[in-house]
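The residues making up each chain are set out below.
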Amino acid sequence: MSTQTPGAPETTRIHNIGYRTYDGPRLGRAYARRSLYSQSLRGAYGLGRSAKSKVLPMILLGIMCLVAAIMVAVAISVPSMSDLPVEYTRYAIIMQALIALFLAAQAPQSVSRDLRFKSVPLYFSRPIERVDYVVAKFAAMASALFVLTATPLVILYLGALLAKFDFADQTKGFAQGMVSVALLSVLFGGIGLVLAAFTPRRGFGVAAVIATLTITFGAVSTVQAIAWETGSAGAVPWLGLFSPVTLIDGVQTAFLGATSAFPGGEGPGTGAGVVYLLVLLALVAGSYAVLMRRYRKVGL
């Protein structure tokens, strides 16, 4: 269609280029939240991204599973063994360095790029809201960590059944291990996202996560060893409250029948274990609250 002033050359044209209003179903916030969760979880393992993005997470997952498979092979090949070489609740503690590396690489990937490219306000335009974004990212990071830590336990459990170890003992230990790694995944996921959400630069986020997990564990373990050697054994369990790794160790020792890695092998009792559990829950809730506050400002 065109318009023309009488007596003047044709200078104005209005073209119909085919734009149409959307008249399909509007799926709403729940669908958007699920989509963001799915996209974030897939992204943690490089799915839907470049081949280079898949290398590190898949290698770490492969190593976690390979070590478990080797333990199963040893247990099956040695007739005198009546149990796995490691408890289900101990596996994640032993492999904590790989878990920390995975978290350091993927937590900044999950949130730092949105900050760097200033795409967060686009998420909040509609229908998604701030709480949906935080919940989806938090759940996706915890789920990615759970896949990383629970898959080796499944391999250990299936191997134990193939080796015909006691079914009741193995099932009980497997259930305790799954609860332990679920708590670890939620705690580590929250801490990793909080650290990564305060910088748009992925490198700074990676360094912050690694430093927080490794330095706190190293410092707490050193001070615990000093306390044990100097006759202050009563302080050892309480010192474990100051590191995420030892916090998980204390909770599973108190409530899940795990063997403690603390000096002397004595973790917190039930009374101190309640404090451990409360601190863990407070850290998870605090991580969520900090993320909500952070994205209140970022989303403007």
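Refer to the structure printed above.
Being a predicted model, the structure only gives us computed values, none of them experimental.

**Student:** Can you tell me about a negative patch on the surface, naming the residues and giving the values?
**Tutor:** Residues Asp83, Glu87, Asp166 and Asp169 make up a contiguous surface patch of negative charge. The exposure class of Glu87 is partly exposed, given its relative accessible area of 34%.

**Student:** Which residues make up the environment of Ala272, and what values go with them?
**Tutor:** In this structure, Ala272 sits in helix α11 (residues 270–298). Classification of Ala272 as buried rests on a relative accessible area of 11%. Sequence separation between Ala272 and Ala258 is 14 residues, and the spatial gap between their C-alpha atoms is 15 Å.

**Student:** Which residues make up the environment of Leu278, and what are the values?
**Tutor:** Looking at the element boundaries, Leu278 is found in helix α11. Classification of Leu278 as exposed rests on a relative accessible area of 53%. Separated by 27 residues in sequence, Leu278 and Val251 have C-alpha atoms that sit 9.7 Å apart.

**Student:** I'd love a proper account of the layout of surface pockets, names of residues and values included.
**Tutor:** Taken as a whole, the largest pocket encloses approximately 250 Å³ of empty space. In terms of lining, the largest pocket is formed by 14 residues, of which the most central are Glu87, Tyr88, Asp169, Gly173 and Gln176. At the level of secondary structure, the elements contributing two or more residues to the lining of the largest pocket comprise α3 (88–94) and α7 (167–196). A per-element tally of the lining of the largest pocket places α7 first, with 5 residues. Grouping the amino acids of the lining of the largest pocket by side-chain chemistry returns 5 nonpolar, 5 polar and 4 charged.

**Student:** Account for the packing of aromatic side chains, with residues named and values stated.
**Tutor:** Evaluated as defined, the whole model comprises 4 aromatic pairs. For the pair Tyr88 and Phe174, a centre-to-centre distance of 6.1 Å together with 75° between the ring planes defines the contact as edge-to-face. With Tyr88 in helix α3 and Phe174 in helix α7, the pair connects residues that are 86 residues apart, well separated along the chain. Exposure remark for Phe174: the relative accessible area of 18% places this residue in the buried category. Taken together, the ring pairs in this structure connect Tyr88, Tyr157 and Phe174 into an aromatic cluster.

**Student:** Requested: an account of the pattern of salt bridges, with residues and values cited.
**Tutor:** Applying the stated criterion to the full structure yields 5 salt bridges. Between Asp132 and Arg29 there is a salt bridge, and its shortest N-O distance comes to 2.8 Å. Placement of the pair is Asp132 in helix α6 (residues 130–162) and Arg29 in helix α1 (residues 28–44), with a sequence separation of 103 residues. What makes Arg29 partly exposed here is its relative accessible area of 32%. The closest approach of N and O atoms between Arg90 and Asp249, which form a salt bridge, is 3.2 Å. Pair noted here: Arg90 is in helix α3 and Asp249 is in helix α10 (residues 244–255), with a separation of 159 residues, a long-range link. Residues Arg90 and Asp249 agree in their burial class; the two are buried. Linked through salt bridges whose partners overlap, the residues forming this network are Arg29, Arg33, Glu129 and Asp132.

Criteria and thresholds
- Residues numbered from 1 in each chain as written.
- Predicted model: local features only at pLDDT ≥ 70, side-chain atom pairs only at ≥ 80, totals over all residues.
- Heavy atoms only, no water.
- Patch = residues over 30% accessible without salt bridge, like charges linked within 9 Å, V, L, I, M, F, W, Y side chains within 5 Å.
- Areas by Shrake-Rupley, 256 points an atom, 1.4 Å probe, with all protein chains shown as cover.
- Salt bridge = Lys/Arg side-chain N within 4 Å of Asp/Glu carboxyl O.
- Lys, Arg positive; Asp, Glu negative; His and termini not counted.
- Charge placed at Lys NZ, Arg CZ, Asp CG, Glu CD.
- Buried < 20%, exposed > 50% of the residue type's maximum accessible area, 1.4 Å probe, protein only.
- Helix = DSSP H or I, 4+ residues; strand = E, 2+ residues; numbered from the N terminus.
- 1 Å grid on protein atoms, 1.4 Å probe; cavity = no way out; pocket = protein on both sides within 12 Å on 5 of 7 lines; lining within 4 Å.
- Points joined across faces, edges and corners; volume = space filled by probe spheres on them.
- Nonpolar A, V, L, I, M, F, W, Y, C, P; charged D, E, K, R; others polar.
- Phe/Tyr/Trp six-rings, centres within 6.5 Å; stacked < 30°, edge-to-face > 60°.

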